[in-house]
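Read off the chains here:
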Amino acid sequence: KSLRELLPEYLEYKRARVRPNTLADYKHQLELWAFPSLGDKLASEVRARDVISLLNNLDEKGLSSSTINTVLARLSTFFNYALSVDQARQNPCKKVETFRPNGRSLVQEPWSLEETKHALSKAGGSELELFINFAVFLGLRKGEILALRWCDVNFEGGWVQIDKTRSNRRVL
């Protein structure tokens, strides 16, 4: 079967294993980014070079490394399913390294002291002031800041509880 023909089966399989929003994301990422170039290929015919070519094409379209790597992850999960139902001989994504444009690291360098001072001075009095202060002084990531709720802040105790984090729950 082609990747496109295998998709409904795959989504039905995943439906009992992931949340509805996650399932919708799987479908969206595959249909929007992977299937225009790979969708008509038989699952058993897709090779690592095809996946690498896809990732390079997505980079040329201006997609972020994060989005490109999400597509790679979704495609890899899809091929794991294809393997389990004997529609593929291998998972070509397993042979492909995480995408890094021009070999650069995916981790961004932290701001310099001058950049930090500049951001803090420009943000002063704006809607971004609290956001920038949380990021700079508490070392919070964007997602951690955006996930904060009033019940996470204890003004009397002088602490903030971070529940939605990549690592562990923390209290700062």
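Conventions and cut-offs
- Residues numbered from 1 in each chain as written.
- Predicted model: local features only at pLDDT ≥ 70, side-chain atom pairs only at ≥ 80, totals over all residues.
- Heavy atoms only, no water.
- Helix = DSSP H or I, 4+ residues; strand = E, 2+ residues; numbered from the N terminus.
- Rg over C-alpha atoms; globule rule 2.2 N^0.38 Å.
- Buried < 20%, exposed > 50% of the residue type's maximum accessible area, 1.4 Å probe, protein only.
- Contact = heavy atoms within 4.5 Å.
- Phe/Tyr/Trp six-rings, centres within 6.5 Å; stacked < 30°, edge-to-face > 60°.
- Axes fitted to C-alpha atoms, helices over the stretch in contact; angles between N-to-C directions.
- Parallel < 35°, antiparallel > 145°, perpendicular 65-115°, else oblique.
- Left-handed = near helix turned anticlockwise from the far one by under 90°.
- Nonpolar A, V, L, I, M, F, W, Y, C, P; charged D, E, K, R; others polar.
- Core = buried A, V, L, I, M, F, W, Y, C linked by side-chain atoms within 4.5 Å.

**Q** Before we move on, can you summarise the overall build of the protein chain with the specific residues and values?
**A** When helices and strands are tallied, the protein chain shows 7 helices and 3 strands. Relative to the 2.2 N^0.38 estimate, which gives 16 Å for 172 residues, the radius of gyration of the protein chain is 21 Å and therefore markedly larger than a compact globule would have. Viewed in the frame of its principal axes, the protein chain has a C-alpha envelope of about 60 × 35 × 25 Å. For the protein chain, the residues scored as buried account for 33% of the 172 residues in total. Look at the contacts in the protein chain between residues 6 or more apart in sequence, and 52% of them connect residues 24 or more apart.

**Q** Please provide a residue-by-residue account of the packing of aromatic side chains, values included.
**A** Summed over the entire model, instances satisfying the criterion amount to 7 aromatic pairs. Their ring planes at 70° and their centres at 5.8 Å tell us that Phe 35 and Phe 78 sit as a pair that is edge-to-face. Pair noted here: Phe 35 is in helix H2 (residues 20-38) and Phe 78 is in helix H4 (residues 65-84), with a separation of 43 residues, a long-range link. Pair check on accessibility: Phe 35 and Phe 78 agree, each one buried.

**Q** Give a description of the packing of H2 against helix H3 (residues 48-60) that names residues and reports values.
**A** Where H2 meets H3, the closest approach of the two axes is 10 Å, and the angle between their N-to-C directions is 125°. Considering the angle they form, H2 stands oblique to H3. At the point where H2 passes H3, the crossing takes the right-handed sense. The residues of H3 that touch H2, namely those facing Trp 33, Ala 34, Ser 37 and Leu 38, are Asp 50, Leu 54 and Leu 58. Its residues assigned to classes, the contact of H2 with H3 shows 5 nonpolar, 1 polar and 1 charged.

**Q** Could you give me a rundown of the nonpolar core, with the residues and numbers involved?
**A** When a protein is soluble and globular, its nonpolar side chains tend to lie buried together. Residues Leu 3, Tyr 10, Leu 30, Val 51, Leu 75, Phe 78 and Phe 79 are the most contacted members of the largest nonpolar core, which totals 32 residues. In terms of residue count, H4 provides more of this core than any other element does, 8 residues in total. Sequence-distant contacts of Phe 78, that is, excluding residues within four places in its chain, are made with Leu 3, Leu 6, Leu 7, Tyr 10, Leu 30 and Phe 35.

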